[in-house]
Amino acid sequence: MNETYPDDLAEVIREESAGNEVHRISMRDIPGRDMYCSDEAESRIREHLEQLPGAAYGIHFIDSGNYHYLSRIFTSFIKEKYDLVLIDHHTDMQETAFGKILSCGSWASEVLEKDENLRSLTLCGPESAEGGRRFDMEAFGKKVPCMMFGEESADPGIPLYFSVDKDVLCEDECVTNWDQGDLALSELGELIKIFSAGRKVIGADICGGVSVSDPAWSDEALEKNTASDIYLYRLISGLMEADERN
């Protein structure tokens, strides 16, 4: 949505991408998109994304957590069975106050309910989520609560899609407009590596930050947030490139 990311992030990622295409899309002119996504806004967003080659199969930076519902739109372009790993400080499975409208707090429930290609969703970060099977993952000695929804059996033949909200990170690593967790960036990276071991990663989206109009915005916050974006881009693109070589 271009409210959080610095104007030169696209150029930074382009330099990192070793020739891969980088697209920056501004959707500031679309009404009905902040936290809640109206039907009209969703239709217009889809029109933008449908113009991109492989809208699901890439790494997407989607602004602050207010727009995390874009994960639902990106994953709807996946045309094969896949497993979704959601790493977030919140469940994003809440009922909305306005009926069935897509929102940043409800999109994961909609994926579970409506996406026929989704085989399983693993949620890492929140202490609990209704209906899931609880287990813990360990990253550098820290136990991270996780919940599994859908198929429980591991299947290395099923590809992975990651959705990461950086509010799972501590404030030393990233500054967001939501309450935050306590993971270090290295711990988040370790989780991603553990889940992706022996698996094909087909795509990812990353959100979390503060806009220039937010009281928490500062040059230091921008520096942290950009550094964490670059770290995650390098990590996930490296995993995807390794899959292509194998």
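Residues numbered from 1 in each chain as written. Predicted model: local features only at pLDDT ≥ 70, side-chain atom pairs only at ≥ 80, totals over all residues. Heavy atoms only, no water.

Caption draft 1: Quick peek at the overall build of the protein chain. Scanning the protein chain from N- to C-terminus turns up six helices and nine strands. Counting every position in the protein chain, which comprises 246 residues, the buried fraction comes to 53%. Of the contacts made within the protein chain by residues no fewer than 6 positions apart, 70% connect residues no fewer than 24 positions apart. Accessible surface, the protein chain as shown: approximately 11,500 Å² in total, 47% of it carbon and sulfur. (Helix = DSSP H or I, 4+ residues; strand = E, 2+ residues; numbered from the N terminus. Buried < 20%, exposed > 50% of the residue type's maximum accessible area, 1.4 Å probe, protein only. Contact = heavy atoms within 4.5 Å. Areas by Shrake-Rupley, 256 points an atom, 1.4 Å probe, with all protein chains shown as cover.)

Caption draft 2: Looking closely at the packing of aromatic side chains. Tallied over the full model, the rule gives one aromatic pair. For the ring pair Y67 and Y69, a centre distance of 6.2 Å and an interplane angle of 70 degrees mean the geometry is edge-to-face. Look at Y69 and you get buried, because its relative accessible area is 0%. Positioned over the ring face of F77 is R46, at 5.7 Å from the centre of the ring. (Phe/Tyr/Trp six-rings, centres within 6.5 Å; stacked < 30°, edge-to-face > 60°. Lys NZ or Arg CZ within 6 Å of the ring centre and 35° of its normal.)

Caption draft 3: Region of interest: the environment of A108. Within the element layout of this structure, A108 appears in helix α4 (residues 107–114). Classification of A108 as buried rests on a relative accessible area of 0%. Separated by 24 residues in the primary sequence, A108 and L84 place their C-alpha atoms 9.8 Å from one another. Look past the residues within four positions of A108 in its chain and what remains in contact with it is L86, T91, D92, M93 and L121.

Caption draft 4: Inspection of the pairing of strand β9 (residues 201–207) at higher detail. Burial within β9 is extensive, with seven of its seven residues counted as buried. On the question of chirality, the crossover connecting strand β8 (residues 160–165) to the parallel β9 by way of helix α5 (residues 185–196) is right-handed. (Right-handed = clockwise from strand over helix to strand, strands pointing away.)

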